[in-house]
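If you want the building blocks of each chain, they are given just below.
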Number of protein chains: 2
Amino acid sequence: MSNLGKQTDNIKQLQGEMQKKGIDWYLIPTADYHDSEYVTDYFKGREFISGFTGSNGTLLVSQNWAGLWTDGRYFIQAEQELKGTGITLYKMQEMGVPTILAYLEEKVTSGQVLAYDGLVTGVKMGLQLEERLKDKSIVIRYEEDLLSSIWTDRPAFPHQKIVVLPEEISGEKASAKIAKVRSQLIESGADYLLLTKLDDIMWLLNLRGSDIPCNPVALSYVFLSKQEIYLFVQSEAITAALTSYTVQEGICLQDYRTILSFLQQYDYGGSVALDKEHMNVTLYQTIRKRAEVLFMDNPTSLWKAQKNQTEQQNMRAVYLRDSVAVTKFIYWVKKTVPTKKITEMDAAEYLDALRKQTEGFLDLSFPTISAYLEHAAMMHYQATTETNKSLEPKGSLLVDSGGQYRGGTTDVTRTIALGPLTDAFCTHFTYVLQGMLRLQNARFLYGCTGRNLDILARSPLWNQEMDYKCGTGHGIGYMLNVHEGPQSIRWSYDKELPEIILEEGMVLSNEPGVYIEHAYGIRTENIMLCQKGHKNIDGQFMYFEPLTYVPIDREAIKSSLLSQEDRQRLDEYHAQVSKRISPYLNAEEKAWLQEVTAAI
Amino acid sequence: MSNLGKQTDNIKQLQGEMQKKGIDWYLIPTADYHDSEYVTDYFKGREFISGFTGSNGTLLVSQNWAGLWTDGRYFIQAEQELKGTGITLYKMQEMGVPTILAYLEEKVTSGQVLAYDGLVTGVKMGLQLEERLKDKSIVIRYEEDLLSSIWTDRPAFPHQKIVVLPEEISGEKASAKIAKVRSQLIESGADYLLLTKLDDIMWLLNLRGSDIPCNPVALSYVFLSKQEIYLFVQSEAITAALTSYTVQEGICLQDYRTILSFLQQYDYGGSVALDKEHMNVTLYQTIRKRAEVLFMDNPTSLWKAQKNQTEQQNMRAVYLRDSVAVTKFIYWVKKTVPTKKITEMDAAEYLDALRKQTEGFLDLSFPTISAYLEHAAMMHYQATTETNKSLEPKGSLLVDSGGQYRGGTTDVTRTIALGPLTDAFCTHFTYVLQGMLRLQNARFLYGCTGRNLDILARSPLWNQEMDYKCGTGHGIGYMLNVHEGPQSIRWSYDKELPEIILEEGMVLSNEPGVYIEHAYGIRTENIMLCQKGHKNIDGQFMYFEPLTYVPIDREAIKSSLLSQEDRQRLDEYHAQVSKRISPYLNAEEKAWLQEVTAAI
C-alpha cells in the first residue's frame, strides 16, 4: 500500500514538473545512454515512476493520464505491479492494442508539447516520433530530463575500475582491431565513427568493466577519426594500468561526462558514421547539426562476433570448467531432492556457488533461471520469495544459467528429471533433443545464414504440429554480453532485416524447447562454435564444434522415438561428456556420470 | 565450313548496316518482345548472326570485332559453334572475365553510338546500360532493328489460334481475376497496368495459345485501366469463339501490331505499373515519355502461382495420367535394353509417344531429357544425332520430361537402373532419395519460404560434403510454363531478392541430385502441391501433397543408409504409387509394379 502511494506520488510530481515546463506529454523508455539491453539501477527511471520492474517497457504520461507499454513476457507481472497506480497497461502486439506511436498520433492535438530525455531514448524511436507526428503541428523537445529533480534517492552512477585484457586473453592487439575498423570506415565513405555500444567499445580496445550486472562493460564512448581515437570513460574508472595502456596504444583518454561538449566543439572535416540501433537521440542531434551523418551498422559488430583463435581456445577451456560445475550441480540436485527439502532458489544458489568456486569466475552472465514444473513454461521465469517452489521427487526442473569468466561467457540449459515424468513430457523432451542434436551436427555450405538451419532444430516439433515461440539460437559474447549479435538462428522472414552469413569463429546457442502452459517447460541448450570444414569443388563446408559438455537427462528420453542417427549422435556426445568431464569429478560423481552417459 | 562462311557473312552484313547508320556498337540479346524464357525461331537473331544455338547469350558487335557472352551451361557448346567465326567467347562469371557492361565501359569512347533493338531488350539491361555509360558522352539508340533488312530467310512470325478455357478448366472467371488485379493496382497507387508477360496474360484472361513450343501462350499484351481492359493479339490468332468471349467479358480486342501506337496515343490520366523484369525497353520508353511509371511486380504473378480448387483437382488427374505414362515407360526401357539396341533418342521418342497417347495431351512441357551414363552429369543435356548414346544393360538413364495437358503441366525426373551399378552410384542415389522424401514430407509453419526448407532436401548430401549446384525446386504453371515464379526452393541468400512465402495451392518441384562429371548424374524429381494443415495455438501448419506417382528405382537404393523414417516414407509413397497407377496398367506391367513398389 505504501508502495502504491509512492508510485502515485511520483507520477504527480512528474506531472507537476511537466506543468512547470509546459509539457503535455512525457515519454520514459527503458534505456541507458547506450541503448543497452540491460541497464544499471541508475537508469531505471521508468521503474521509479511506474513501479513496474520488468526489463522492457515505455511509460507515457500526460497531465491526467499515464500508460505503460510492455511485451508478452511481462503482461501478468505488469498487471500486478501497476494495480492501484492508475497507470493503464498496453499489451504490445495484442489484437486491438495501439502502439505508442499510434496512440500519440490519435491523442496529441495541435500546439501541444511532447518531451523526453534524448540521452536515454534511441534514435530509431526519436526518428519514428518525428516522422509519425510531423503533420500534427506539435513541438517535440528531446532534451528534457524531468527525473533528476524529483528522484531524490536515485541510485549512484556506477563507475567501476576498468580492466585491460592482456593479449593472451584478447588474442589481438587493439591497434590491429582499430586499423580494421578504420579501413572499413574509409571504405564506406565515412570520416568519423562514434561508437556508443558498450560491448563493441570493450571489444575494440580490449577493455572490460563492471558497470552493468552480468555485463562486463564500462560506461564509455569511442570517437574515431582517420588519425585519432578518443576513449571517454569516467575518471573514477581509470587506473594507472589503463592510463599507461592508452598512452602506449595512442588512445586519447577523455572524461565520459564531456562527450556532448566534445561533439559540439569538434571540428568535423567530413561525415560521421552512426549505428541507428545503438545511438541516443541527443548525441545524434548534436552531430547531425554539425556534420553529415551516415547511418550504418557498427563496423565492430561483425568482427566481434568472429572469435579469434585465442578467444576460441580460451572459450573451450572455460566451457569445460563451466560444464563441470553444471554436471556437479545436476548430480547434487538429483541426489538431494528425494532426501532434503530444497526450493527453486536453493537450487539456483547452489549452482551459483559452484560457479563462484570455478577458476576464472567473474560474475554470472545472467541471473540463474531455476524453474520447477509449470514455472518452466515461462521462458524467462525468475523465482522470487513469493513464487519460490519446493522441489519434490517428481516432474522436472529447468535450469538456464551461465557465467562470466576470464576467457569466456557461458550459457547452458538442462531440463532435469527429479522423479517420475509423464509420457507426454518424455515425448516432448525427445523431440527437443532430436532437434538440438540435428542442428549441432549440421554440415552446411558457407553462405548459409541461421534461417537456412533453423528447421533442423525445429522440424521434430513441426512434424507434430508444435512449435516454440522464439528463435533457436543467439550469438554469445567473449567475456561480454550473453546475447550478442548480429548472427542468430531463427526461421521467420523479415525482408527488412538483413541476414548474417555464419562465419568461422561465430558462437551460437542451440536451444529448442517445448512450453506447455500451466504444465511444464523443456529446453536443452548447447553452445556451438562455427568452424570451417573441407573445401572442395562444391564449396566451403562449415560445421559446429560443441562447447558445452553436460549430460542430457536420459531418464526423460523416450528412446523408441530416436532414429539410429539420433542415437549415434547422442551416444557420441555423451561419450565426449564422460571423457572430458570425468577427470574433474569425485569418485561418486564419476560413477554416476559413467552411468548417465552410457550408450542408449 | 559453309556454315562458318555464312556466320562470317552475316556479321559482315551487320557491320555494313552499322556503318550505314553510323553505329559503333550493336547489341543483340536473346529475347522476344516479352522477355520470355524461351523464344520462337523468329526471335533467334543472335543465333542467326553468331551461329551459337544456346538458349542464353548476348552478342556485341563493333566494326572490327564481335564478342559473345554466355553462361556455364554453354561454354563447351559455344566454343565449338563459334570456331572460325572470329567471335570472341566471354564465359560469364568466370574469374577475370568482364561483364558486357564492364567491357563496354572500358571500350566505348566519347562520341560513339551504341545501338540495340529495344523491342527485344529488357528494361533492366536498358537501364543498366544507361547508368553504367552515363559519364561516357556516347549516344545510346534503342530503336535500331538491323536484322530485318539482312535476315532474308527469317522464320515466320507465329500466330496460332487462341483458345478460351471454359470454367471447368480455369476454375475462376476472367472477370473475377481482373477485379482482383484492378483492386491491387489501385491499392498500390497505380492507375494503369501494362502486362507483357505472356503466361500472366493467359492466366488473367483464361486463354491459351501455342506460339512458343512447349509454352502454351499466345503473343499478346494487356493494357488495363480502372474501367477498360484491352487485349492485343494478332488478327490471325482470333477465332469466332474468342471474339464472342471477349465481347461477353468486356475485353476490348486490339491488333498486336498496334501496341506502340496505342501507347503513344493513349490519354493517360495517371501512373502506369510496369514489371521491370518482364518489359522491353521500347514499350517502357514509350510510356515513360507520356506518363509516370511505377515499377512493381506484376500483380498477376502471385495469384497465378496459387492454383484454385478446380486447377488443383485437374492437376491431380493430369499428374495421375502422366505418372502412368512414365511408369509404363520405365517398365518398357528396363525390359527392352537387355534385348534390343536402342539409344537415348529412341527412349525419349518412346516416352513422348506414350504421352501423346495420353488423354488431354497437348504438347510436351519441354524437350525430353534422356541422358545415359556421363551425359546425365550435364543438367540440361539434349541428345543430338552426334551425341546419341546406345543404352546398354549397365549403369543408369536419367529421364527428365513433362507434358502440357488440358488440365495441367507436368514435370518429372527418374533415374533408372539399366543394369549393374557401382556402390558409389547407389550411395549417391540413396542420399538424393532421402532428401527428396524429407522435403516432400515436411511440415512447416505458414510464413516459411523455400529458403527455410531447402536444407531438408540438401542435408543428406551436405552431411557428406557434397552439393548440387542449382535450386531444389521451382514453381510450375497450370497449362502454362513449366518454370513459373515467383516461389522457389533454394538455399542461397540474396538480400536484394525478396523471398516468397509458400501459400496454399502453390505447386513446386522437388528435385535434388548428384552430378559427377564424366561419370553419372542422378536426379529424382516429384511435383508437390502446398496445402494448409492444422491451425492451432502455435500457428497455421502447412504440408505438401505429392502430385507425382512414379516408382523410384529400388535397384539403385542402398537400403542400409535409410533410417526407419526414410523407409517408412518410401514404402508409403510406393504403396500409393502401386494403388493409384496399377488400375491403368496391363497384367505384366501390373505384376512388375507390384514388385518394384513392395516395401523395402
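What this report covers is the structure whose coordinates are included nearby. Being a predicted model, the structure only gives us computed values, none of them experimental.

1. Side note on helix H17 (residues 450–462) of chain A
Across its 13 residues, H17 of chain A extends 17 Å between first and last C-alpha, which sits within 8% of the 18 Å expected from 1.5 Å per residue. Helix geometry: H17 of chain A is bent most strongly at Leu456 of chain A, by close to 40 degrees, with proline Pro460 of chain A lying one to four residues after it.

2. Quick notes on the packing of aromatic side chains
Per the counting criterion, the structure on display carries 79 aromatic pairs over all chains. Both rings, one in Phe425 of chain B and one in Phe429 of chain B, keep their centres 6.3 Å apart while their planes meet at 25 degrees; by these two values the pair is stacked. One end of the pair, Phe425 of chain B, and the other, Phe429 of chain B, are both in helix H16 (residues 423–440), four residues apart, so they sit about a helical turn from each other. What makes Phe429 of chain B buried here is its relative accessible area of 0%. Aromatic ring contacts, followed pair by pair, group Tyr192, Phe223, Tyr230, Phe232, Phe262, Tyr266 and Tyr268 of chain A into a single cluster.

3. Some remarks on the side chain of Arg523 of chain A
All names here are of chain A. Its location among the elements puts Arg523 in strand E26 (residues 520–523). Using a relative accessible area of 4% as the deciding quantity, one classes Arg523 as buried. Of the polar contacts made by the side chain of Arg523, one reaches the side chain of Tyr515; its length is 2.8 Å. Ignoring any residue separated from it by four or fewer positions in sequence, one finds Arg523 in contact with Ile369, Met379, Leu398, Asp400, Thr413, Arg414, Thr415, Glu511, Pro512, Gly513 and Tyr515.

4. Some thoughts on the interface of chain A and chain B
If you look at the interface, chain A gives 33 residues, while chain B gives 33 residues. For the pairing of chain A and chain B, the buried interface totals around 3,000 Å² over both sides, and the portion due to carbon and sulfur atoms is 51%. Together, Asn452, Glu465 and Tyr493 of chain A form the three largest contributors to the area buried by chain A at its contact with chain B, with a combined 21%. The tally of links from chain A across to chain B stands at two salt bridges. For Glu499 of chain B, the salt bridge is made with Arg451 of chain A, and the minimal N-O distance between the two is 3.0 Å. For the interface between chain A and chain B, the tally reads 18 residue pairs in polar contact (both at pLDDT 80 or more).

5. Re the pairing of strand E3 (residues 65–70) of chain B
Two faces, one strand: in a regular strand the side chains alternate between the faces of the sheet. Residues and elements named next belong to chain B. Of all six residues in E3, six are buried, a share of seventy percent or more. Of the pairings in the sheet, the one linking strand E2 (residues 58–62) to E3 comprises five bridges and is antiparallel in character. Among the inter-strand pairings, Thr58 is bridged to a residue of E3, identified as Trp69. Following E2, the chain reverses through two residues before pairing antiparallel with E3. Judged from the four bridges that link them, E3 and strand E4 (residues 88–91) form a sheet pairing that is parallel. Across the sheet, residue Leu68 finds its bridge partner in E4, namely Leu89. Handedness of the crossover joining E3 and E4 through helix H3 (residues 75–82): right-handed.

6. Observations regarding the sheet that holds strand E6 (residues 139–141) of chain B
Residues and elements named next belong to chain B. Within the open sheet, the six strands sit side by side as E4-E3-E2-E1-E5-E6. Their pairing is mixed. Of all the strands in the sheet, just E4 and E6 have a single pairing partner and so form its edges. Going across the sheet, the axis of each strand differs from the next one's by a mean of 20 degrees, ignoring polarity. The sheet contact formed by strand E1 (residues 25–28) and E2 spans three bridges and is antiparallel. Residue pairing for E2: Leu27 is matched across the bridge by Leu60. Seen against the sheet, H3 touches E3 and E4 and runs at an angle of roughly 175 degrees to E4. Its contacts with the sheet place helix H5 (residues 123–132) against E1, strand E5 (113–116) and E6, and it is angled at close to 175 degrees to E5.

7. A few points about the sheet that holds strand E17 (residues 369–372) of chain B
Residue and element names in this part refer to chain B. Pairing is antiparallel in the open sheet, where three strands are placed in the order E17-E19-E22. Each of the sheet's edge strands pairs with one partner strand only, and the pair in question is E17 and strand E22 (412–417). Adjacent strand axes in the sheet meet at a mean angle of 15 degrees, parallel and antiparallel pairs treated alike. Relative to E22, strand E19 (residues 396–401) runs antiparallel, the two being bridged by six bridges.

8. What about the pairing of E17 of chain B?
All names here are of chain B. Neither face of E17 is exposed, since Ile369 and Ala371 on one face and Ser370 and Tyr372 on the opposite face are all buried. Note: E17 against E19, four bridges, orientation antiparallel. Bridged to Ala371 within E19 is Leu398.

Cut-offs used in this document
Residues numbered from 1 in each chain as written. Chains lettered and ligands numbered in written order. Predicted model: local features only at pLDDT ≥ 70, side-chain atom pairs only at ≥ 80, totals over all residues. Heavy atoms only, no water. Helix = DSSP H or I, 4+ residues; strand = E, 2+ residues; numbered from the N terminus. Expected span 1.5 Å × (residues − 1). Bend = angle between axes of the 7 residues up to and from the residue. Phe/Tyr/Trp six-rings, centres within 6.5 Å; stacked < 30°, edge-to-face > 60°. Buried < 20%, exposed > 50% of the residue type's maximum accessible area, 1.4 Å probe, protein only. Polar contact = N/O pair within 3.5 Å; in protein donor to acceptor, adjacent residues only side chain to side chain. Contact = heavy atoms within 4.5 Å. Buried area = accessible area lost by both parts, 1.4 Å probe. Salt bridge = Lys/Arg side-chain N within 4 Å of Asp/Glu carboxyl O. Pairing = 2+ DSSP bridges. Right-handed = clockwise from strand over helix to strand, strands pointing away. Axes fitted to C-alpha atoms, helices over the stretch in contact; angles between N-to-C directions.

Function cannot be read off these values alone, since they describe shape.
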